[in-house]
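Each chain, written out:
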Amino acid sequence: MNLHGKGLYDREDDWHVLIKKAETFELTESQKLLVNREQLRVLEKLLNDAYVIRRPKTSEYENRKQVIRVLNDIAKDLYGNSASCPVVEEFGSFSMDFFTPESDLDLSINFPDSPLVFPREQKIKTLRKFSKKLYSLQSAGRVQNVQPVMRAKVPILKFVDTGTGVECDVSVENMDGISKSLIIRYISSIDERFRKLSLLMKAWAKAQDINSPKDQTLSSLSIILLVAFHLQTRDPPILPPFSAILKDGDDPASVKNSVRSFQNYGRRNTETLGELFVTFLIKLASVEKLWPKGLCASPYLGHWSPKTWDNKIAIMSVEDFFDRAQNVARAVGKLEVKIIHELVHLTIQNLGRFMNVNLDELKLKESLFGIDGMHSIFVEQKLNAWKQSLEEKTTKTKLITNNVYNPNGASPSTRPLPTGYSGVPQRQAVNAGLETPWAHQSFYQQPMMGTTGVAGGVPANQWWETAWGGPVWTQGWGGGPGGSSTGGWGAANGAAFTNGRSQETQPATDPWGRRQQQPPYGNSSNAHGTTYR
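Residues numbered from 1 in each chain as written. Predicted model: local features only at pLDDT ≥ 70, side-chain atom pairs only at ≥ 80, totals over all residues. Heavy atoms only, no water.

Caption draft 1: Structural detail: the overall build of the protein chain. Secondary structure summary: the protein chain contains 14 helices and 11 strands in total. Taking all 533 residues of the protein chain together, 58% fall into the buried category. (Helix = DSSP H or I, 4+ residues; strand = E, 2+ residues; numbered from the N terminus. Buried < 20%, exposed > 50% of the residue type's maximum accessible area, 1.4 Å probe, protein only.)

Caption draft 2: Structural detail: the side chain of Asp97. Along the polypeptide, Asp97 turns up in the loop between helix H4 (93-96) and strand S3 (105-110). Among the polar contacts made by the side chain of Asp97, one reaches the side chain of Arg55 at a distance of 3.1 Å. Asp97 has contacts with Arg55, Tyr61, Arg185 and Arg195, leaving out every residue within four places of it along the chain. (Polar contact = N/O pair within 3.5 Å; in protein donor to acceptor, adjacent residues only side chain to side chain. Contact = heavy atoms within 4.5 Å.)

Caption draft 3: Highlighting the pattern of salt bridges. In the structure shown here, the tally under the stated rule is 18 salt bridges. Lys65 serves as the salt-bridge partner of Glu62, at 4.0 Å between the closest nitrogen and oxygen. On the criterion of helical spacing, the pair formed by Glu62 and Lys65 is a turn pair, its members being 3 residues apart in helix H3 (residues 58-79). Using a relative accessible area of 36% as the deciding quantity, one classes Glu62 as partly exposed. On the accessibility criterion, Lys65 (38% relative accessible area) is partly exposed. A salt bridge links Arg234 to Glu271; the nearest nitrogen and oxygen atoms lie 2.7 Å apart. Taken together, the positions of Arg234 in the loop between helix H8 (220-232) and helix H9 (242-245) and Glu271 in the loop between helix H10 (252-258) and helix H11 (273-286) put the pair 37 residues apart, joining distant regions of the chain. The class of Arg234 is buried, set by a relative accessible area of 0%. Each of Glu26, Arg234, Glu271 and Lys283 takes part in salt bridges that share partners, so that together they form one network. (Salt bridge = Lys/Arg side-chain N within 4 Å of Asp/Glu carboxyl O.)

Caption draft 4: Region of interest: the packing of helix H2 (residues 37-54) against helix H13 (residues 361-369). Between H2 and H13, the shortest axis-to-axis distance is 11 Å and the interhelical angle comes to 50°. Looking at the two axes, H2 sits oblique to H13. Relative to H13, the crossing made by H2 is right-handed. Contacts between H2 and H13 involve Val42, Leu43, Leu46, Leu47, Ala50 and Arg54 from the former and Glu361, Leu364, Lys365, Leu368 and Phe369 from the latter. Within the contact of H2 with H13, the residues separate by chemical class into 8 nonpolar, no polar and 3 charged. (Axes fitted to C-alpha atoms, helices over the stretch in contact; angles between N-to-C directions. Parallel < 35°, antiparallel > 145°, perpendicular 65-115°, else oblique. Left-handed = near helix turned anticlockwise from the far one by under 90°. Nonpolar A, V, L, I, M, F, W, Y, C, P; charged D, E, K, R; others polar.)

Caption draft 5: The arrangement of H13 in detail. The buried count for H13 comes to 7 of 9 residues, which makes it a mostly enclosed element. Of all the positions in H13, only Lys363, Leu364, Lys365, Glu366, Ser367, Leu368 and Phe369 are classed as buried. Of the residues one or two after H13, Gly370 is the one with positive phi, at around 85°.

Caption draft 6: Spotlight on the sheet that holds strand S4 (residues 143-149). The strand order across the open sheet formed by 5 strands is S2-S3-S6-S5-S4, and the pairing between neighbours is mixed. Every interior strand has two partners, whereas the edge strands, strand S2 (87-91) and S4, have only one. On average, each strand axis in the sheet is tilted by 25° relative to the strand beside it, whichever way the strands run. Contacts from helix H5 (residues 120-139) reach S3, S4, strand S5 (156-161) and strand S6 (167-172), with the element oriented near 160° to S4. Along the sheet, helix H6 (residues 175-188) makes contact with S2 and S3, crossing S2 at roughly 45°. (Pairing = 2+ DSSP bridges.)

Caption draft 7: Region of the structure containing the environment of Arg120. Relative to the elements of secondary structure, Arg120 occurs in helix H5. A C-alpha to C-alpha distance of 8.1 Å links Arg120 and Pro155, two positions 35 residues apart in sequence. Discounting residues that sit within four places of it in the chain, Arg120 has contacts with Met150, Arg151, Ala152, Lys153 and Pro155. Within the structure, Arg120 has its side chain in polar contact with the backbone oxygen of Met150 (distance 2.9 Å). Only 3.1 Å separates the side chain of Arg120 from the backbone oxygen of Lys153, close enough to count as a polar contact.

Caption draft 8: Structural context of the packing of H3 against H5. Orientation of H3 relative to H5, taken along the N-to-C sense of each, is 110°, at an axis distance of 11 Å. The pairing of H3 with H5 is recorded here as roughly perpendicular in orientation. For the element pair H3 and H5, the recorded crossing hand is right-handed. The segment H3 lies against H5, with Leu71, Ile74, Ala75, Asp77, Leu78 and Tyr79 engaging Thr126, Lys129, Phe130, Lys133, Leu134 and Leu137. A per-class count over the contact of H3 with H5 returns 8 nonpolar, 1 polar and 3 charged.

Caption draft 9: Here's a closer look at the packing of aromatic side chains. For the structure shown, the criterion picks out 13 aromatic pairs. In textbook terms, an aromatic cluster arises when at least three aromatic residues are bridged by ring pairs, as seen for Tyr79, Phe111, Phe118 and Phe130. Positioned over the ring face of Tyr79 is Lys129, at 4.1 Å from the centre of the ring. (Phe/Tyr/Trp six-rings, centres within 6.5 Å; stacked < 30°, edge-to-face > 60°. Lys NZ or Arg CZ within 6 Å of the ring centre and 35° of its normal.)

Caption draft 10: Region of interest: the pairing of strand S8 (residues 303-306). As paired strands, strand S7 (residues 295-298) and S8 are joined by 4 bridges and run antiparallel to one another. Pairing of Leu295 across the sheet is with Pro306, part of S8. Taken together, S7 and the strand that follows it, S8, pair antiparallel across an intervening segment of 4 residues, in which Gly302 is found at a positive phi of about 80°.

Caption draft 11: Structural context of unusual backbone geometry. Looking along the chain, the bond that leaves Asp235 and enters Pro236 is cis, with omega of 0°. Along the polypeptide, Pro236 turns up in the loop between H8 and H9. The residue Asp209 is not glycine, and still its phi comes out positive at about 65°. Tracing the sequence through the fold places Asp209 in the loop between helix H7 (192-207) and H8. Note on Asp209: relative accessible area 6%, which makes it buried.

Caption draft 12: Just the nonpolar core, in detail. Within the largest apolar cluster, 82 residues are counted, with the highest numbers of intra-cluster contacts made by Phe194, Phe277 and Phe369. Broken down by element, this core gets its largest block of residues, 10 residues, from helix H12 (residues 334-355). Residues contacting Phe277, with those up to four places away along its chain left out, are Leu47, Leu197, Leu200, Met201, Leu351, Leu368 and Phe369. Core analysis: the second largest hydrophobic core is formed by 28 residues, Ile68, Phe111, Phe118 and Leu137 among them. (Core = buried A, V, L, I, M, F, W, Y, C linked by side-chain atoms within 4.5 Å.)

Caption draft 13: Main features of the pairing of S4. Pairing analysis gives 5 bridges linking S4 to S5, with the strands arranged antiparallel. Among the inter-strand pairings, Val149 is bridged to a residue of S5, identified as Ile156. With antiparallel pairing between neighbouring strands as the criterion, S4 and S5 make up a hairpin whose turn holds 6 residues.

Right, here's the structure in full:
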């Protein structure tokens, strides 16, 4: 593991300057947003409601457990009920209890006494054996969309359980994914704000179409670890450095025992979910210009760190706490990181308008998470009128799903600048202004670690580029870069495809000047009609 490879900052004192800049840039960015305490309470309720509505029901837990039981029955049918029979186990969002009703179910086929390095050929052979059984079940109508993906960096078998609608991604011997998932689950018991903020930031990223490593944006794991890092760097901290939790061992049993000593670790920090949501976005906005200089978020250390990967500086660096030689944000592309930061700044701007009472609660919710079926009849009528007007202007078939533009239905080639609510390109966060008639408070006055004063400027404006393309990457619990068409927790979480074509979107604006958002939770199943990314 190379911590101090060649780069723009080659000396120890230069690395300290880089980390200092990260702290001061965050302080500078935080001063731009003035807080209306009444509006912050409304935001708190909005976020808690958004969290509750995304939490799965008891039946949805049972549906996934039933799928796992059926697959284990299939394993016994294929291998016999003997000591050599593999066991199918969950990992990813379901194992962590970070899933939503629309989340995929990530599964791993694990053999007893398997070698430390399980041969790729054997993994493919195992998945083909299961796929034959699933094809027969597909003929009987019990499963659908059976799809072996054997050329991926991590070979997987995809299918949908017909009875429950649960989408499954099955891999083989993904023991790292299982361990990592359990560790995050145990750590989340330290403070409930970790799970809540992680789920909300994943929902926000899906609504902005930046939660797909296949499309060179953020993996779910990178979002979760960035959230953990943010909670570690509050003042007082809400989560401890993962190194402290893993000091007695990085196996799940040791971690489960270790986290007991950290219960209520963050009780001195009284920040609300709303405050943490806003400051998380501010943190991301503040380091936009520092990723290319080797800045890395290290949940293992619990603070910013300089880092190169094979003597190269990554476009965005988030260290894997389980394997510190891995960058869980390695899939993020050069153009895509600009898109991510544009959307971060646009969201901060909308939050600023909300704090200034220039944006109402409903419109803010829709801008953050899309339309989830809870809007008023008035909004429904507005949207219907907008859609009708759009249809009258064109004779082409247009898919309205999320944030990507593809007029010809071909592979993505261009991607537009977000218009925001004003109908024009937006970039900078909005100051509420001193003329605000209520008592206001800058986020500079909110708890934050390492705020040592303002030094240096804030990142300059940078507009989106229209070029869209490049290699496809895999990334997730067990995956790495590769020439695959899959990505995510099990190297299989990303855009949905219909007839081999990714469904894209028309970036029209609605009556308030916004682009249409995707349906609830960023659904990727066929249960609601069109397949969504």
